[in-house]
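Fold and geometry: a report
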Amino acid sequence: MRFKQAGFLTKIVVVVLLIYMATSLLDLRTQIREAEEAKVTLEEQVKQQQLENQQLAAAIANSDDPDMLEQVAREKGYVKANETIYINIAS
């Protein structure tokens, strides 16, 4: 059984298809790399959010603790009765 030799047009079509497939492959690799970078960024955001959630849960659990209430009040600028406030004007 003899095969016909491929014509010039067939060879050009095959070369064009190979070039198209190669560029598509490179584009897909770029998309995969970008998706992996986005995944890493999102994983870091998840870790940060979990840490913040743990801190907020601890704050809720200790919300009736007198020391915690005093700390929050001082952060908001409140002072105890008969307490003297000194303001450093040198800086």
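Calculation criteria
- Residues numbered from 1 in each chain as written.
- Predicted model: local features only at pLDDT ≥ 70, side-chain atom pairs only at ≥ 80, totals over all residues.
- Heavy atoms only, no water.
- Helix = DSSP H or I, 4+ residues; strand = E, 2+ residues; numbered from the N terminus.
- Rg over C-alpha atoms; globule rule 2.2 N^0.38 Å.
- Buried < 20%, exposed > 50% of the residue type's maximum accessible area, 1.4 Å probe, protein only.
- Areas by Shrake-Rupley, 256 points an atom, 1.4 Å probe, with all protein chains shown as cover.
- Patch = residues over 30% accessible without salt bridge, like charges linked within 9 Å, V, L, I, M, F, W, Y side chains within 5 Å.
- Salt bridge = Lys/Arg side-chain N within 4 Å of Asp/Glu carboxyl O.
- Lys, Arg positive; Asp, Glu negative; His and termini not counted.
- Charge placed at Lys NZ, Arg CZ, Asp CG, Glu CD.

**Describing the overall build of the protein chain**
Each helix and strand in the protein chain was counted, giving 2 helices and 0 strands. A compact globule built from 91 residues should have a C-alpha radius of gyration of about 12 Å, whereas the protein chain, at 34 Å, is more than 25% larger. Counting across all 91 residues of the protein chain, residues that qualify as buried make up 0%. Carbon and sulfur atoms make up 61% of the accessible area of the protein chain, which totals about 9,100 Å².

**As for a nonpolar patch on the surface**
Residues V14, L18, Y20 and M21 make up a contiguous nonpolar surface patch of roughly 440 Å² in combined accessible area. Positionally, M21 belongs in helix α1 (residues 8-61). Assessed through its relative accessible area of 51%, M21 is described here as exposed.

**Describing the pattern of salt bridges**
This structure, assessed with the given rule, holds 3 salt bridges. Its salt-bridge partner being E70, residue K80 comes within 3.7 Å of it at the nearest N-O pair. With a gap of 10 residues between them, K80 in the segment after α2 (66-75) and E70 in helix α2 connect regions that are remote in the sequence. Overall, the relative accessible area of 48% leaves K80 in the partly exposed class. Using a relative accessible area of 31% as the deciding quantity, one classes E70 as partly exposed. The residue E83 makes a salt bridge to R74 at a minimum N-O spacing of 2.9 Å.

**Some points on a negative patch on the surface**
There is a patch of like negative charges on the surface, built from D27, E34, E36 and E37. With respect to the secondary-structure elements, E36 resides in helix α1.

**Some words on unusual backbone geometry**
Despite not being glycine, N82 has its phi angle at roughly 65°, a positive value. Assessed through its relative accessible area of 83%, N82 is described here as exposed.

**Regarding the environment of Q54**
Along the chain, Q54 turns up in helix α1. Q54 gets classed as exposed once you look at its relative accessible area, which sits at 56%. Along the primary structure Q54 and E75 are separated by 21 residues, whereas in three dimensions their C-alpha atoms are 20 Å apart.

Keep in mind these numbers describe shape, not what the thing actually does.
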